[in-house]
Amino acid sequence: EVLLADRMPASTTGSFTIGITRTAGVCPMSYRRGHVWFVRPGGRLSRPLCKPGVAAISSALERAAQNGGLEKDVSCACPLGDQDVTFTVRANPEATVPV
């Protein structure tokens, strides 16, 4: 079972957009290319996202903060099998994610 989260960790600041730009295998949450989440200040997600995805994106955001920029692509391997989802993170919440 994969649990869902409705927010990013408390350390998340600023607004940004998360979009799925690539998948390998069939995601058990039915996530697919073109799905988009908006993240508001404080980490509130526009709709629930799986906790493995939140963890992968959070880790990338921490690295981006250390490097002084926003990391663009984040790969998330599903803990339930041979699925992989690539999220694209953009700083502007109104920006569209390429599909």
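Residues numbered from 1 in each chain as written. Predicted model: local features only at pLDDT ≥ 70, side-chain atom pairs only at ≥ 80, totals over all residues. Heavy atoms only, no water.

Caption draft 1: Summary view of unusual backbone geometry. Despite not being glycine, Ser30 has its phi angle at roughly 65°, a positive value. Within the secondary structure, Ser30 is located in the loop between strand 2 (16-24) and strand 3 (36-39). The class of Ser30 is partly exposed, set by a relative accessible area of 48%. (Helix = DSSP H or I, 4+ residues; strand = E, 2+ residues; numbered from the N terminus. Buried < 20%, exposed > 50% of the residue type's maximum accessible area, 1.4 Å probe, protein only.)

Caption draft 2: The side chain of Gln83, seen in detail. Within the secondary structure, Gln83 is located in the loop between strand 5 (73-77) and strand 6 (84-90). For Gln83, a relative accessible area of 16% corresponds to the buried category. At 3.4 Å, the side chain of Gln83 forms a polar contact with the backbone oxygen of Val26. If we skip the residues at most four places from it in the chain, Gln83 touches Ala24, Gly25, Val26, Cys27, Pro28, Cys76, Ala77 and Cys78. (Polar contact = N/O pair within 3.5 Å; in protein donor to acceptor, adjacent residues only side chain to side chain. Contact = heavy atoms within 4.5 Å.)

Caption draft 3: Main features of the side chain of Thr88. Residue position: Thr88 is located in strand 6. A polar atom in the side chain of Thr88 sits 2.9 Å from the side chain of Thr21. Polar contacts involving the side chain of Thr88 include one to the side chain of Asp73, which spans 2.9 Å.

Caption draft 4: Highlighting the nonpolar core. Core analysis: the biggest nonpolar cluster contains 23 residues, and Met8, Ile18, Trp37, Leu45, Leu49, Ile57 and Phe87 have the highest contact counts within it. Residue assignment for this core shows that the elements contributing at least two residues are strand 2, strand 3, strand 4 (44-50), helix 1 (51-67), strand 5 and strand 6. At five residues, the largest contribution of residues to this core is made by helix 1. When near neighbours in sequence (up to four residues on either side) are disregarded, Leu45 contacts Ala5, Asp6, Arg7, Met8, Ile18, Trp37, Phe38, Val39 and Val54. (Core = buried A, V, L, I, M, F, W, Y, C linked by side-chain atoms within 4.5 Å.)

Caption draft 5: Geometry of the pattern of salt bridges. By the definition in use, this model includes one salt bridge. The shortest N-O distance in the salt bridge between Arg44 and Asp6 comes to 3.2 Å. Here Arg44 is found in strand 4, whereas its partner Asp6 is found in strand 1 (residues 4-7), with 38 residues between them in sequence. Residue Arg44 is classed as partly exposed on the basis of its relative accessible area, which comes to 40%. Owing to a relative accessible area of 40%, Asp6 belongs among the partly exposed residues under this scheme. (Salt bridge = Lys/Arg side-chain N within 4 Å of Asp/Glu carboxyl O.)

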